[in-house]
Amino acid sequence: MNPRREAWVKAHGPIPKGWVVHNLNGDPSDIRVDNLAAVPRDSIFLAVAPYRERIRNLELQLKQVGE
């Protein structure tokens, strides 16, 4: 099992068959549970699209505050 799926299962339980765990911010190395979404494989892009840009912008803002 890959690290994303392991993190999701640990926090939320089993992943339904045919579903995938996706990184909302598009960074596959970022396996924070808040950055993961389990969605049906056939609707992954529709499910995560509204969050991707918002998460990237929020992370950029946090990075600027920390500098």
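Draft legend 1. Representation of the environment of Leu62. Among the secondary structure elements, Leu62 is positioned in helix 2 (residues 44–66). According to the relative accessible area criterion, Leu62 is exposed, its value standing at 63%. Considered as a pair, Leu62 and Val39 are 23 residues apart in the sequence and their alpha carbons are 27 Å apart.

Draft legend 2. Quick look at the nonpolar core. Among the nonpolar cores identified, the biggest contains 7 residues, and these are Val20, Leu24, Ala37, Val39, Ile44, Val48 and Ile55. Put simply, the parts of the chain that give this core at least two residues each are strand 2 (36–40) and helix 2. Broken down by element, this core gets its largest block of residues, 3 residues, from helix 2. By size, the runner-up hydrophobic cluster in this structure holds 6 residues, among which are Ala7, Ile15, Val21 and Leu36.

Draft legend 3. Up close: the side chain of Asp30. As for its position among the elements, Asp30 is in the loop between strand 1 (19–23) and strand 2. Under the relative-accessibility criterion, Asp30 is labelled buried at 12%. Polar side-chain contacts of Asp30 include one of 2.9 Å to the side chain of Asn25. Apart from residues no more than four positions distant in its own chain, Asp30 is found in contact with Asn23, Asn25, Asn35, Leu36 and Glu59.

Draft legend 4. Representation of the pattern of salt bridges. In this structure the tally under the stated criterion is 2 salt bridges. For the salt bridge of Arg32 with Glu59, the shortest nitrogen-to-oxygen distance reads 2.6 Å. Placement of the pair is Arg32 in the loop between strand 1 and strand 2 and Glu59 in helix 2, with a sequence separation of 27 residues. Owing to a relative accessible area of 44%, Arg32 belongs among the partly exposed residues under this scheme. Put simply, Asp30, Arg32 and Glu59 are held in one network by salt bridges that share partners.

Draft legend 5. Quick look at helix 2. Taking 1.5 Å of rise per residue, the 23 residues of helix 2 would be expected to cover 33 Å, and the 32 Å separating its terminal C-alpha atoms lies within 8% of that figure. The largest bend in helix 2 comes to about 35 degrees, at Pro50. For helix 2, the full list of buried residues reads Ile44, Val48 and Ile55. For helix 2, the secondary structure elements touched by its buried residues are strand 1 and strand 2.

Conventions we followed
- Residues numbered from 1 in each chain as written.
- Predicted model: local features only at pLDDT ≥ 70, side-chain atom pairs only at ≥ 80, totals over all residues.
- Heavy atoms only, no water.
- Helix = DSSP H or I, 4+ residues; strand = E, 2+ residues; numbered from the N terminus.
- Buried < 20%, exposed > 50% of the residue type's maximum accessible area, 1.4 Å probe, protein only.
- Core = buried A, V, L, I, M, F, W, Y, C linked by side-chain atoms within 4.5 Å.
- Polar contact = N/O pair within 3.5 Å; in protein donor to acceptor, adjacent residues only side chain to side chain.
- Contact = heavy atoms within 4.5 Å.
- Salt bridge = Lys/Arg side-chain N within 4 Å of Asp/Glu carboxyl O.
- Expected span 1.5 Å × (residues − 1).
- Bend = angle between axes of the 7 residues up to and from the residue.

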